[in-house]
Amino acid sequence: MLPISDITIHRAQKVDFADASRLLEVFRTDEIATDEAHQRLNLITTHPDQSLWIAKSKNQVIGLLGFRIRHNLETATEYGEVSSIVVDERWQKRGVGQLLLDHAEALARQHGCLGLWLVSGFGREEQAHNFYEAAGFGKTGFRFVKLF
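Here the structure is a predicted model, which means the values were calculated and not measured.

What is the right way to read the side chain of E81 from this model?
Inspection of the secondary structure assignment puts E81 in strand β4 (residues 77–87). Under the relative-accessibility criterion, E81 is labelled buried at 4%.

Would you mind going over the pairing of strand β2 (residues 50–57) with me for this structure?
Regular strands place side chains that alternate from one sheet face to the opposite one. The element β2 is extensively covered by neighbouring structure, given that eight of its eight residues are classed as buried. Residues Q50, L52, I54 and K56 point to one face of β2 and S51, W53, A55 and S57 to the other, with burial holding for every one of them. As judged from the five bridges shared by strand β1 (residues 7–11) and β2, these two strands associate in the antiparallel manner. Of the residues in β2, the one forming a bridge with R11 is W53. As judged from the eight bridges shared by β2 and strand β3 (residues 60–72), these two strands associate in the antiparallel manner. Of the residues in β3, the one forming a bridge with S57 is Q60. Once β2 ends, the chain turns through two residues before running back antiparallel as β3, passing K58 with a positive phi of about 55°.

Help me understand the sheet that holds strand β5 (residues 116–118) in this model?
The pairing of strands in a sheet comes from backbone hydrogen bonds and takes either a parallel or an antiparallel form. Across the sheet, which stays open at both edges, the five strands sit in the order β1-β2-β3-β4-β5 with mixed pairing between neighbours. Lying at the two open borders of the sheet, with one neighbouring strand each, are β1 and β5. Here the average twist between neighbouring strands, direction ignored, is 30°. The strands that helix α3 (residues 96–110) touches are β1, β2, β3, β4 and β5; relative to β4, the one it contacts most, it runs at about 160°.

Just checking my understanding: could you explain α3 for this structure?
A turn of α-helix holds 3.6 residues, and therefore any two residues three or four places apart point the same way. Taking 1.5 Å as the rise per residue, α3 with 15 residues should run 21 Å; its terminal C-alpha atoms sit 21 Å apart, in good agreement. Those residues of α3 that sit buried are V96, G97, L100, L101, H103, A104, L107 and A108. Taken around the axis of α3, the buried residues stretch over an arc of 155°, which confines them to a single face. Those residues of α3 that are exposed and angled more than 90 degrees off the buried face are R109 and Q110. Where α3 ends, the next residue or the one after it, G112, has phi of about 70°, a positive value.

Would you explain the pattern of salt bridges in this entry?
When the charged atoms of two side chains lie near each other, side chains of opposite charge can form a pair. Per the stated rule, a full pass over the model turns up seven salt bridges. Here D16 and K56 are joined by a salt bridge, their closest N and O atoms 3.0 Å apart. Highlighted residues: D16 in the loop between β1 and α1 (17–23) and K56 in strand β2, separated in sequence by 40 residues. For D16, a relative accessible area of 2% translates into the label buried. Taking the shortest distance from any N to any O, the salt bridge between R109 and E105 comes out at 2.9 Å. Remark: E105 and R109 occur in helix α3; sequence separation between them is four residues, near one turn of the helix. Taking relative accessible area as the criterion, R109 reaches 61% and is therefore assigned exposed. Residue classification places E105 among the partly exposed positions, given a relative accessible area of 34%. Here the residues in one salt-bridge network are R22, D88 and R90, joined through shared partners.

Rules used throughout
- Residues numbered from 1 in each chain as written.
- Predicted model: local features only at pLDDT ≥ 70, side-chain atom pairs only at ≥ 80, totals over all residues.
- Heavy atoms only, no water.
- Helix = DSSP H or I, 4+ residues; strand = E, 2+ residues; numbered from the N terminus.
- Buried < 20%, exposed > 50% of the residue type's maximum accessible area, 1.4 Å probe, protein only.
- Pairing = 2+ DSSP bridges.
- Axes fitted to C-alpha atoms, helices over the stretch in contact; angles between N-to-C directions.
- Contact = heavy atoms within 4.5 Å.
- Expected span 1.5 Å × (residues − 1).
- Arc of directions from axis to C-beta.
- Salt bridge = Lys/Arg side-chain N within 4 Å of Asp/Glu carboxyl O.

Structure follows, in structure tokens:
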């Protein structure tokens, strides 16, 4: 494995989709079909307020970051949102996640955003939530969902 200083982050291209799609499986308990994964990645890369970023070591995809701009009606401001962040298990606890969060913060600042936020689900609290809190994020509420 290369040192953290040799890791690059760039905007995802379709050529990255095959490697990036395997990282999406962290969000599900079952395997994602290749076509479905590519549809998800394509949706993010073609939407004007969203972008997908890839962390690479040499030519290997080791992490991904989904980023979007959230518009606030109540204050006429914008926040950057980390819509997804995933690091390959073999690269976790080596600084890749922090590199991706730093990149998201830089994007939010470039867009003049008020701050950066993310939603983290249950099931990974000890690892993920502690990581986000150590990176300066604070808990501010709950997300409520109604499925149809």
